[in-house]
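Topology and contacts: notes
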There are 2 protein chains.
Amino acid sequence: MAPVKVFGPAISVVNIDFKALEHKSPEHLKRNPFGQMPAFQDGDLLLLESRAIGRYILRKYKTKANLPREGNLSEATMVDIGIEMERHQYYRVISPIVYGCLFNPVLDGVPTNQKVVDDSLEKLKKVLEVYEARLSQNTYLGGDFLSFADLSYFPFTYLFHGDTVRIAIRQVPSCEGMVGWARGEALHQEGHRWHCSPPEGISRSFN
Amino acid sequence: MAPVKVFGPAISVVNIDFKALEHKSPEHLKRNPFGQMPAFQDGDLLLLESRAIGRYILRKYKTKANLPREGNLSEATMVDIGIEMERHQYYRVISPIVYGCLFNPVLDGVPTNQKVVDDSLEKLKKVLEVYEARLSQNTYLGGDFLSFADLSYFPFTYLFHGDTVRIAIRQVPSCEGMVGWARGEALHQEGHRWHCSPPEGISRSFN
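Numbers given for residues are sequential positions, taken from 1 along each chain in its written order. For this description, chains carry letters from A and ligands carry numbers from 1, given in the order in which they are written. pLDDT decides what is reported in this predicted model: residues at 70 or higher carry local features, side-chain atom pairs at 80 or more are listed and counted, and totals for whole chains, interfaces and linings draw on all residues regardless. To obtain the side-chain values, all non-hydrogen atoms of the structure were included, while hydrogens and water were left out.

Chain A appears in an unreviewed UniProt entry as glutathione transferase from Oryza punctata. UniProt positions are given in the numbering used here, feature names are shortened, and annotations may be inferred rather than shown by experiment. Recorded under Sequence similarities (unreviewed entry), the UniProt text for chain A is reproduced unchanged: "Belongs to the GST superfamily. Phi family." Comment text from UniProt for chain A, heading Catalytic activity (unreviewed entry), reads "RX + glutathione = an S-substituted glutathione + a halide anion + H(+)".

Printed below as a string of structure tokens:
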């Protein structure tokens, strides 16, 4: 356990050893009955599902940035759309690439299935064209404001900083803008900077 | 187009002919750039992603039932968790069954791949055990109140009323309670009643 400060009071982080199947242990199943990550406890409240946990933290520890924008009907809805698109469009096509290029080889020693990666890259290209169109009209996914929608892309997109995925992504001619967005140029303009790990750091994050 | 009254003012429904690929037409791509259903327009606001559309409607046309529960931090979060679980757990394992048993044969004439269905039923069993545990403690997924979480299960769960999926589901010993929940007994107690279609009605809904 390590204390971390996120918005408000310090929180304790419980590291899970995937290789030792700690995420399937009775102790972790109390936190997340599906035996998955993440889980979040605040007093008696046990939460699962990363997007729901994110909303909870943002609602409880309100910041000036007002990342969920729930007080504004149309802005909150555009944020919702950006978040839903992440799961139903972006994650759907990027996850076979990330798993195939990074997680499977690192965690399970399973070699990359290049055909799966290539097929996903083709699908990703079409998905990214829609993102390009939206990002050509607004700086951020919800509009001209940084929101929870942009943050929801972080868990997989920060891996673009690593050479393996970034090189694969750069094979897609249409998505230079997406790579720029993923690398945090837009966030950087706001004084934010995404912290990124090199590919060799990914295995460490699972230990 | 047909006018329908949902909460507030009448809305016009645009029917999409899947077999004629109308969902890939330039006209529909303006509504949903991914060429998918649904899309929703309210004035200048063009919305996509069903869960975001649902939240928008529930926020705009507030009802006494307060289905999103956004005014209450812990209740809103439990609703969020129920919604996220639908997409990331329930839909993930139920969709190969629904597509394999119903949509693929009806829409594309593709015969059911029984192995895919059987594998998904095994996965569904494990997922439903978690739902059973949660529903044994509360009447509804978000707690002891009907919420948007319960409604989010409707699009696929109402198909349980049809014999094909229901019979497949009833092969899973653990999920009798889930079938009861899916059939609307809990909702019925509140004076609500889910409208359901027989299997032969499913093809009509795509025409």
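Counting from the N terminus, the helices are DSSP H or I runs at least four residues long and the strands are E runs at least two residues long. Secondary structure summary: chain A contains ten helices and four strands in total. What you see in chain A, going N to C, is helices and strands ordered as β-β-α-β-β-α-α-α-α-α-α-α-α-α. Relative accessibility under 20% of the residue-type maximum defines a buried residue, over 50% an exposed one, and the middle range a partly exposed one, all with a 1.4 Å probe and only protein chains included. Within chain A, buried positions represent 45% of all 207 residues. The contact rule is simple, with two residues in contact once any of their heavy atoms fall within 4.5 Å. Sequence separation of at least 24 residues holds for 55% of the intrachain contacts in chain A that already meet a minimum separation of 6. Each accessible area is a Shrake-Rupley estimate made with a 1.4 Å probe; only the visible protein chains count as cover when residues are assessed. Looking at chain A as shown, the accessible area adds up to about 10500 Å², and 53% of this sits on carbon and sulfur atoms.

What follows covers the interface of chain A and chain B. On the side of chain B, 30 residues touch chain A, which itself brings 31 residues to the contact. Computed with a 1.4 Å rolling probe, the buried area is the accessible surface lost when two parts are put together, summed over both parts. Buried surface at the junction of chain A and chain B, both sides included, amounts to about 3000 Å², of which 65% is carbon and sulfur. Per-residue buried area on chain A facing chain B is highest for A:Phe34, A:Arg59 and A:Leu73; these three make up 20% of the total on that side. A carboxyl oxygen of Asp or Glu within 4 Å of a side-chain nitrogen of Lys or Arg is what we treat as a salt bridge. Counting across the chain A and chain B interface gives four salt bridges. For the salt bridge of A:Asp80 with B:Arg59, the shortest nitrogen-to-oxygen distance reads 2.9 Å. In protein, a polar contact means a hydrogen-donor-capable atom and an acceptor-capable atom, both N or O and within 3.5 Å, with residues adjacent in sequence counting only if both atoms are side-chain atoms; elsewhere, any N or O pair within 3.5 Å suffices. The interface formed by chain A and chain B holds eight residue pairs in polar contact (both at pLDDT 80 or more) in total. For the side of chain A that touches chain B, the secondary-structure elements that each account for two or more residues are strand E4 (45–48), helix H2 (50–60), helix H3 (73–108) and helix H4 (114–135) of chain A. Ten residues, namely Ala, Val, Leu, Ile, Met, Phe, Trp, Tyr, Cys and Pro, are considered nonpolar, four, namely Asp, Glu, Lys and Arg, are considered charged, and the remaining ones, Gly among them, are considered polar. Grouping the amino acids of the side of chain A that touches chain B by side-chain chemistry returns 15 nonpolar, five polar and eleven charged.

Next up on the list: the domain arrangement of chain A. Residues and elements named next belong to chain A. Each domain's extent was defined by an automatic or database domain assignment. When cut into domains, chain A gives domain 1 (2–60) and domain 2 (73–189). Counting residues at the interface gives five residues for domain 1 and seven residues for domain 2. Of all residues in domain 1, Lys19, Arg51 and Arg55 give up the largest surface area on contact with domain 2, accounting jointly for 75% of the area buried on that side. Summed over the shared surface of domain 1 and domain 2, the number is two salt bridges. A salt bridge links Arg51 to Glu86, with the nearest nitrogen and oxygen atoms 2.8 Å apart.

What follows is about the nonpolar core. For the purposes of this section, nonpolar cores are sets of buried Ala, Val, Leu, Ile, Met, Phe, Trp, Tyr and Cys residues that join through side-chain atoms within 4.5 Å. By size, the foremost hydrophobic cluster in this structure holds 40 residues, and its most contacted members are A:Leu47, B:Leu124 and B:Tyr131. Among the elements of the structure, E4 and H2 of chain A together with helix H3 (73–108), helix H4 (114–135) and helix H5 (148–152) of chain B are those that each provide at least two residues to this core. Top element by residues in this core is H3(B). It accounts for 13 residues. By size, the runner-up hydrophobic cluster in this structure holds 39 residues, among which are A:Tyr90, A:Leu102, A:Leu121 and A:Tyr131.

The next point concerns the pairing of strand E3 (residues 39–42) of chain B. Residue and element names in this part refer to chain B. Pairing of E3 with strand E4 (residues 45–48), which is carried by four bridges, proceeds in the antiparallel orientation. Its bridge partner being in E4, Ala39 is matched across the sheet by Leu48. In short, DSSP must find at least two bridges between two strands for them to pair. Hairpin remark: E3 followed by E4, antiparallel, with two residues in the connecting loop; positive phi at Gly43, about 65 degrees.

A few words on helix H2 (residues 50–60) of chain B. Of all eleven residues in H2(B), nine are buried; the element is thus mostly enclosed. Buried within H2(B) we find B:Arg51, B:Ala52, B:Ile53, B:Gly54, B:Arg55, B:Tyr56, B:Ile57, B:Leu58 and B:Arg59. The elements touched by buried residues of H2(B) are H2 and H3 of chain A together with E3, E4, H3 and H5 of chain B.

Quick look at the pattern of salt bridges now. Residue and element names in this part refer to chain A. All chains considered together, the criterion is met by 20 salt bridges over all chains. The residue Arg55 makes a salt bridge to Asp80 at a minimum N-O spacing of 2.7 Å. Here Asp80 lies in helix H3 and Arg55 lies in helix H2, a separation of 25 residues in the sequence. Classification of Asp80 by relative accessible area gives buried; the value is 2%. The salt bridge involving Asp119 is made with Lys115; its shortest N-O contact spans 2.8 Å.

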